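Take a look at the letters that make up each chain.
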Amino acid sequence: MNITFKIQAQAPGNNVDYIGQVEHVFDLHLHQDNWTAPMRSARNEAEFFFAVLYWTYKTFISSQDIDSCVFYPSCSTYMIESIHKHGVLYGFLDGIDRLSRCSPFANNHYPIDFKHKKYYDPVQ
Amino acid sequence: MIRFSKLSVFFTGFFGLWLQAQQTSGDSLTSKHDSIIRNPSSNKPAEKKAQDIFNLQNSKKFAQYLFKTGQYSYAAEEFQRVIFLNPQDNDTKYQLVETYIQLHNIPKAESYFNQFFPLFDTLPVKFQKQSVRLDVYSENYEKAIKKLTRSKLDSIDKQTWYLGLSILEKRWKEAGEYYQAHVSNPDPVYHQFGNVVLRRLGAKTKSPFLAGTLSAVVPGLGKVYTENYGDALMAFLFTGINIWQAYRGFSKDGIKSVHGWIFASLGAAFYLGNIFGSVKAAKRHNQKIDDDATQEVKAVFDYRF
Amino acid sequence: MQLRKLKPFLITVFSGLFFAGYAQTVNQTVAIADQFMSSGQFAAAAKYYQRAYFFASKEQVPTIRGKMADAFFMSGQYALAEKYYREAETFEKTDTVKTEWFLKKISSLILQKKFKFALLSILNYRGIFTERQTKNRSFLLGTIYFGQEKFDKAREWFARTIPENDSVKRKQLDELFKRKNLMRPNPELAYWMSLFFPGSGQIYAGDWKNGFNSFALNGLLVYIFLVDMQNYSFWDSFIAIYPWLQRYWMGGYKRAQNIARRKRAENRARTFRRIKQLIYSP
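Residues numbered from 1 in each chain as written. Chains lettered and ligands numbered in written order. Predicted model: local features only at pLDDT ≥ 70, side-chain atom pairs only at ≥ 80, totals over all residues. Heavy atoms only, no water.

Novice: What's the story with the overall build of chain B in this structure? I'm lost.
Specialist: What chain B contains, in helices and strands, is 15 helices and 0 strands. Put simply, chain B has 305 residues, and 43% of those count as buried. For chain B, restricting intrachain contacts to residue pairs at least 6 apart in sequence, the fraction spanning at least 24 positions comes to 57%. Surface exposure of chain B reaches about 17,100 Å², of which carbon and sulfur atoms provide 62%. (Helix = DSSP H or I, 4+ residues; strand = E, 2+ residues; numbered from the N terminus. Buried < 20%, exposed > 50% of the residue type's maximum accessible area, 1.4 Å probe, protein only. Contact = heavy atoms within 4.5 Å. Areas by Shrake-Rupley, 256 points an atom, 1.4 Å probe, with all protein chains shown as cover.)

This is the structure:
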């Protein structure tokens, strides 16, 4: 029995350098969190004060913490967003309430954010 | 056993023949597979149809294929081109609006609809339904009801849609009365909506004022009332520990104790936050009962109407 | 009468003539897409190829399918590229071209990080390879093992891409496979270092900022703990401060481990790029 092979050096179509693409397969794409945004969007001094606190907390304290918040967005982000949306007093109390809700017993009441593996509880 | 093996030989023989047929005409496999994703009428020899694939008919075909395969943003582009080529094509306009609904871009869908079909009363039923649906998606329920009463829907559909819209508007009592008044409606969806109304009317709501008062008396009690027991425990502990620490600080160093003032302000914050949170939890509890009802109706508007 | 009968026919003919100037056939669409492809606008090219593919005749399909797959591949839509490369490979008649489609398919699998599936496919394929394709196959196989962290096997397959008499390159490859390029910094070591001395693991991994931050924060908490102990009692201080200290201490060593993991992944990516450049340098 004769076996013959068809051999052609070049594939038809555009010559794609697939090895060149594979070169970057292990490259990391890290996104940098931006905690200065609330400072820029603050509308008054009190809000700016809380924005500075938020930045300080996120940069020097939260960055060294275990991943302990059960919610997404996290309690600090929730508070700063609530302050921006509803004003300083309402937002502060809302944030404090959220902080006391943030415990292992906080189940059954919240939908689950599967991307972050947390309970989803945005500012309303 | 023998009979079985003979049978299997018989069938494997057929399988082999089939396989051979597949291999000898490799292209039959191609066309079979491609008919799902390619234009079925284009499997003709090339010289017979030097066709313009950007003309009206072909663009329409391609756009519909894109819509069916869920490539909505590309489909929207194509539908727009088709409408440009043939401004009288109402079905394509309808599909363009549907595409933007699928893309969750309701404002754009609405603006296109208003641009294409400015006169509501003269439209056929299909388009009137789409118009009302658009109002539902943008949560303009009052406007939707006004349009519905003017529309050409038959009376059965009109009753069903009206009941659905009054549920979305959260006019529970009125909806219940309306449902009882038109029980003879044969549409099963109408009765599904009716059940939603009856369930909502039977549900027990919580009073935000009572929740707040209870939390002011004993920290966390308001959250027990709204059935958030874990939150109640944590609120009680947070407030209690801070106030106890403040008490210790003040009793040791008097009124100038830094320790005392820090924990006192923390305790006060948690105390006030808990009152605030209890009111919010009661409102949230009521909101959830309402949402359970409206969610079901919204799903019907999404998938059936 | 005669003219009225002829009317539909005439309209067809003349409208055909009228549209001829604007008509765009499948081949013309492909030509435009080719232009996009050569100018590097891959996403636009993919769109035009998709349209041409939808309307293509039986004879035109194979070429357009391959080009479309290439456009998807270059625009980073690797799942779609994989799908159409698989079809192109299945219906290809010429053996070496079939292998070329196959290797592209393997590349799109690797770029989706489906290493197991890629390994299974590449070991099961029995086709004809040209010399260049054999080299590429060995390189891709090495890449798969590299992605699965089986570095001995990866090295073996990368070594096969280099001619046996080229001792300089082989030496360079051995150099690249040293532990400092692949296994450092060690996440476990960073973990234990930070467990015993906060911040040291982060500094070992090369993250000075987080190292000092962790050290300062934990140091501050220990200081408050001691001051509180003097003013009140051990148990007072323990109840008030210890939960926080434990939290940030734990956070410190867990984060040190993650930082080391990330740095190691960066090291590995850099090493892999160097390996590729070594193998494919003239």
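Novice: Whenever I open this one, the sheet that holds strand β3 (residues 118-120) of chain A confuses me. Can you help?
Specialist: Either a parallel or an antiparallel arrangement is found when strands of a sheet pair, and the pairing is made through backbone hydrogen bonds. Residue and element names in this part refer to chain A. Taken in spatial order, the 3 strands make up an open sheet running β1-β3-β2, and their pairing is mixed. Both outer strands of the open sheet, β1 (71-72) and β2 (112-113), are each paired with one neighbouring strand and no more. Relative to β3, β1 is paired through 2 bridges, and the arrangement is parallel. Bridging from a neighbouring strand, Tyr-72 pairs with Tyr-120 of β3. (Pairing = 2+ DSSP bridges.)

Novice: Explain the domain arrangement of chain B here, please?
Specialist: A common way to express how large an interface is: the accessible area buried when the components associate. Residue and element names in this part refer to chain B. Taken as a whole, chain B is organised into domain 1 (56-204) and domain 2 (208-295). Between domain 1 and domain 2, the C-alpha centre-to-centre distance is 45 Å. With 8 residues of domain 1 at the interface, the matching set in domain 2 holds 6 residues. Carbon and sulfur atoms supply 63% of the area that domain 1 and domain 2 bury against each other, a total of about 590 Å² over both sides. Sorting the residues of domain 1 by area buried against domain 2 places Lys-170, Arg-200 and Lys-204 first, and these three jointly supply 53% of that buried surface. Taken together, domain 1 and domain 2 are joined by 1 salt bridge. Of the charged contacts, one joins Asp-290 and Arg-200 as a salt bridge, the two residues approaching to 2.6 Å between their closest N and O atoms. One can count 1 residue pair in polar contact (both at pLDDT 80 or more) joining domain 1 with domain 2. When contributions to the side of domain 1 that touches domain 2 are tallied by element, the ones reaching two or more residues are α9 (155-168) and α11 (188-202). Of the residues assigned to the side of domain 1 that touches domain 2, the class counts are 5 nonpolar, no polar and 3 charged. (Domains from an automatic or database assignment. Buried area = accessible area lost by both parts, 1.4 Å probe. Salt bridge = Lys/Arg side-chain N within 4 Å of Asp/Glu carboxyl O. Polar contact = N/O pair within 3.5 Å; in protein donor to acceptor, adjacent residues only side chain to side chain. Nonpolar A, V, L, I, M, F, W, Y, C, P; charged D, E, K, R; others polar.)

Novice: What exactly am I supposed to notice about the pattern of salt bridges here?
Specialist: Side chains that differ in sign of charge can pair as their charged atoms come close. Residues and elements named next belong to chain B. Applying the stated criterion across every chain, the model contains 38 salt bridges over all chains. Note that Asp-91 is salt-bridged to Lys-126, the shortest N-O span being 3.5 Å. Pair noted here: Asp-91 is in helix α5 (residues 90-102) and Lys-126 is in helix α7 (residues 125-137), with a separation of 35 residues, a long-range link. Relative accessible area serves as the criterion here: at 44%, Asp-91 is assigned to the partly exposed category. Residue Lys-298 is joined to Glu-139 by a salt bridge in which the shortest nitrogen-to-oxygen separation is 3.6 Å. Taken together, the positions of Lys-298 in helix α15 (residues 258-303) and Glu-139 in the loop between α7 and α8 (141-150) put the pair 159 residues apart, joining distant regions of the chain. With a relative accessible area of 28%, Lys-298 lands in the partly exposed category. A relative accessible area of 49% places Glu-139 in the partly exposed class.

Novice: What's the story with the layout of surface pockets in this structure? I'm lost.
Specialist: Where empty space is left in the structure can be found by rolling a water-sized probe over the atoms. Empty space within the second largest pocket amounts to approximately 550 Å³. Sorting the residues of the lining of the second largest pocket by element identifies α5 (88-101) of chain A together with α15 of chain B as the ones contributing at least two each. Looking at the lining of the second largest pocket, the element that brings in the most residues is α15 of chain B, giving 10 residues. By residue class, the composition of the lining of the second largest pocket is 6 nonpolar, 8 polar and 10 charged. (1 Å grid on protein atoms, 1.4 Å probe; cavity = no way out; pocket = protein on both sides within 12 Å on 5 of 7 lines; lining within 4 Å. Points joined across faces, edges and corners; volume = space filled by probe spheres on them.)

Novice: How should the interface of chain A and chain C be read in this particular structure?
Specialist: Tallying the contact residues gives 32 residues for chain A and 52 residues for chain C. Here chain A and chain C share an interface that buries about 3,800 Å² over both sides, 63% of which is from carbon and sulfur atoms. Considering only the side of chain A, the residues that lose the most area to chain C are Tyr-18, Phe-26 and Gln-64 of chain A, jointly responsible for 21% of the buried surface there. Here chain A is connected to chain C by 3 salt bridges. The shortest N-O distance in the salt bridge between Arg-247 of chain C and Asp-65 of chain A comes to 2.8 Å. At the junction of chain A and chain C, the tally comes to 12 residue pairs in polar contact (both at pLDDT 80 or more). Where the side of chain A that touches chain C is concerned, the elements lending two or more residues are α1 (18-22) and α3 (45-61) of chain A. Sorting elements by how many residues they give to the side of chain A that touches chain C places α1 of chain A first, with 5 residues. When grouped by side-chain class, the residues that make up the side of chain A that touches chain C number 16 nonpolar, 12 polar and 4 charged.

Novice: I'm lost on empty space enclosed by the protein in this one. Help?
Specialist: Taken as a whole, this structure holds 1 cavity of 30 Å³ or more when the rule is applied. Approximately 30 Å³ is the volume attributed to the largest cavity. The wall of the largest cavity is formed by Gln-245 and His-259 of chain B together with Asp-228, Tyr-232, Asp-236 and Ala-240 of chain C. In terms of residue class, the lining of the largest cavity is built from 2 nonpolar, 2 polar and 2 charged.

Novice: Explain the packing of helix α12 (residues 187-196) of chain C against helix α15 (residues 234-280) of chain C to me, please; I cannot follow it from the model alone.
Specialist: To describe two helices that pack against each other, one gives the angle between their axes and the distance between the axes. Residue and element names in this part refer to chain C. Where α12 meets α15, the axes come as close as 8 Å, and the angle between the chain directions of the two elements is 155°. Relative to α15, the element α12 lies roughly antiparallel. Considering the relative orientation of α12 and α15, their crossing is right-handed. Residues Pro-187, Glu-188, Ala-190, Tyr-191, Ser-194, Leu-195 and Phe-196 of α12 form the contact with α15, whose participating residues are Trp-249, Gly-252, Tyr-253, Ala-256, Gln-257, Ala-260, Arg-261 and Arg-264. Tallied by class, the residues present in the contact of α12 with α15 amount to 9 nonpolar, 3 polar and 3 charged. (Axes fitted to C-alpha atoms, helices over the stretch in contact; angles between N-to-C directions. Parallel < 35°, antiparallel > 145°, perpendicular 65-115°, else oblique. Left-handed = near helix turned anticlockwise from the far one by under 90°.)

Novice: Any chance you could explain unusual backbone geometry here in plain terms?
Specialist: The bulk of non-glycine residues show a negative phi, and the bulk of peptide bonds are trans. Omega for the bond connecting Tyr-72 of chain A with Pro-73 of chain A falls within 30 degrees of zero, at -5°, which places this linkage in the cis form. Its place among the elements puts Pro-73 of chain A in the loop between β1 and α4 (75-86). Cis geometry is adopted by the peptide bond preceding Pro-185 of chain C, which originates at Arg-184 of chain C and carries an omega value of -10°. Mapping Pro-185 of chain C onto the fold places it in the loop between α11 (179-182) and α12. Although it is not a glycine, Glu-227 of chain B sits at a positive phi angle of roughly 70°. With respect to the element layout, Glu-227 of chain B can be found in the loop between α13 (221-225) and α14 (229-253).

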